[in-house]
Amino acid sequence: MTAATYAFTDTRTLLHRNLVHALRYPAMSLSGLLMPLVFLLLFRYAFGAALGAGVGGSYINYLTPGMLIMTGTSSMVGTAVAVCTDMTEGIVDRLRTMSISRFAVLAGHVLGNAAQALLSMGVLLGVAVAIGFRPHAGALQWLGALGVAVLTAGAMTWLAMALGLSASAPETASNLPMPFILLPLLGSGFVPAMSMSPGLRQFAEFQPFTPITQTLRGLLLGTHIGHQWVPAVCWCLGLAVVGYLASRWLFDRRAQL
Amino acid sequence: MAYPIALLSVTGLSASKSAIAVRGLQKSFNDKVVLDGIDLDIKQGTVFSLLGPNGAGKTTTVRILSTLTKPDAGRARIAGKDLNREPDAVRAAIGVTGQFAAVDNLLTGFENLVLMGDLHHLGKRESRQRATRLLEQFDLVEAAGNSLATYSGGMRRRLDLAMTLVGQPKIIFLDEPTTGLDPRSRRTLWQVIRDLVSQDGVTIFLTTQYLEEADQLADRIAVLDQGKLVAEGTPAELKQLVPGGHVSLRFRDTAGLNRAARELGATGRDEQELTLQVPSDGGARSLRSLLDQLDRANLEPAELTMHTPDLDDVFLALTDHTGRPRSVSITENGADR
């Protein structure tokens, strides 16, 4: 076998390991689901009636895409903690003394955690439909929506990897993703950016999660997207690359210590 | 330090039978020099033990030689491969069991072993067979399907070593493998290590704080202190570095002690304990002559104990930082230098 096939089988082996972890401790794997789920129910039943007027239509329809994106960001906590724990527990040191591709160690984590984030999004979508979310999307739009979900999950997972690798203890790792969890709130997650005060509105328009949320919302509700998808895709790919490079650098840096 | 850096066998890096050959290894963290030019030559199929007090650089040495940490300077060949240029080839030849059990706590014992087999690309069947065999060898069959949360410290260490053995490494680094183990578990591990060397021709690089462990297992021992090797040799050679073999005689009263001190001309006396220490090489002849001397003087000690220098003495003497030579086997108040 060549180095590339070894890297592939090693990635598969380590992905399997991470999925076994997830199955064995579903509480940790689905922890990212809790906050968006609570928000979904809270805003649907407590604040939805009042907010619905502001978005001009069914508020649950407006809210769900934002909560899906938020599920992607809040899943970062589980990823960062899992990676950091792995690094501090010595098993990774063992892997590093073995003839295994460095990439496989990171990739196994990323694939496993991105899959968990996507699963969480799926569960949230199911709950949303059960409480009144009514998407208007054709097959192509669904495919597009899946693409946005995958891109978001991938980007957030690579970022979370970097955060987890940079943290010295799991407690720190669990706090680091907080800004990313809050960002969708300061975009068009709950209410249109247009309705915010001027300074905040400008911030909302230029931060990554606004175009990402808008694109997903447009795809799921069959509304106008315009050019929003371009910055959305660019942000996702950009954040993924930053997360990947930072993760690699942080992982290699441990060899200097 | 007054002791000579003795018995350092200096041979070329290309020596054919060397499992591990190290020249001029250096490592600093920030401004602190941890390793200050280490040379080692470890023959295949032997047990080499690195001794040293806490912070001497033992773990750093293991981390460097097992490719986890990069050295600042120096060269090393491990299983004939250059550490800096072919780290992956080195990794393929070695196994490492560190100070803290490097096991996956969320998997079972069996799954941990199979994971290692898969990462060594053994194939599914071989992975499982080897895992089963190692579980038997390390007495972990009953716990095989349990989560590691239920494992005791000794079981984790055994599993850790078993995981290291899955890949059948030619060279094994053991960094304080028995720290915190009860005496029985320790002896079990010692036997495993002996078998690995005698049956499979494995080379063992062992660090330990337990001098008895080094004495039991090691073919050669090096003492590391403040980043430098201060001695290297067989356990017997090292013991010769420190004087301190003596016979300790305890008497029933001060009168007896005083009289014996006069007769024997011995200086090492302890009034409190009523003991007298007479230098001795521990041989039968010198012992007989001592007993004859006591007989002639009509002296009968209440108790006679022999003290031959052990590695504890060597260790303490070599790593003493008070700046004065000290022979530690002699009590403080009557040190004979």
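The rules we used
Residues numbered from 1 in each chain as written. Chains lettered and ligands numbered in written order. Predicted model: local features only at pLDDT ≥ 70, side-chain atom pairs only at ≥ 80, totals over all residues. Helix = DSSP H or I, 4+ residues; strand = E, 2+ residues; numbered from the N terminus. Rg over C-alpha atoms; globule rule 2.2 N^0.38 Å. Contact = placed C-beta atoms within 7 Å. Nonpolar A, V, L, I, M, F, W, Y, C, P; charged D, E, K, R; others polar. Pairing = 2+ DSSP bridges. Buried ≥ 20, exposed ≤ 12 C-beta atoms within 10 Å, placed from the backbone.

S.K.: When you look at the overall build of chain A in this model, what are you seeing that I'm missing?
M.R.: From N to C terminus, chain A includes 12 helices and 0 strands. The order of α-helices and β-strands along chain A, N terminus first, is α-α-α-α-α-α-α-α-α-α-α-α. Its C-alpha atoms give chain A a radius of gyration of 19 Å, near enough to 18 Å, the size a compact globule of 257 residues would have. Across chain A, contacts joining residues at least 24 apart in sequence account for 80% of those joining residues at least 6 apart.

S.K.: Can you walk me through the interface of chain A and chain B in this structure?
M.R.: How big an interface is tends to be stated in terms of accessible area lost as the parts join. With 22 residues of chain A at the interface, the matching set in chain B holds 23 residues. Mapped by element, the contributors of at least two residues to the side of chain A that touches chain B are α1 (3-24) and α5 (91-96) of chain A. If one sorts the elements of the side of chain A that touches chain B by residue count, α1 of chain A sits on top with 8 residues. Residues that form the side of chain A that touches chain B fall into these classes: 8 nonpolar, 7 polar and 7 charged.

S.K.: How should the sheet that holds strand β2 (residues 32-43) of chain B be read in this particular structure?
M.R.: Residue and element names in this part refer to chain B. Strands sit in the order β2-β1-β4-β5 across an open sheet of 4 strands; the sheet is antiparallel. Strands at the two margins of the open sheet, each flanked by one partner only, are β2 and β5 (81-82). The pairing of strand β1 (residues 18-29) with strand β4 (residues 73-78) spans 5 bridges and is classified as antiparallel. Bridging across to β4, Ile20 finds its partner in Ile78.

S.K.: Please clarify how the environment of Phe190 of chain A should be interpreted in this entry.
M.R.: Residue and element names in this part refer to chain A. Mapped onto the fold, Phe190 is located in the loop between α9 (178-182) and α10 (198-206). A tally of 22 C-beta atoms within 10 Å means that Phe190 is categorised as buried. Taking the C-alpha atoms as reference, Phe190 lies 24 Å from Gly78; in sequence the two are 112 residues apart. Apart from the residues lying within four places of it in its own chain, the contact partners of Phe190 are Phe43, Leu63, Gly66 and Leu185.

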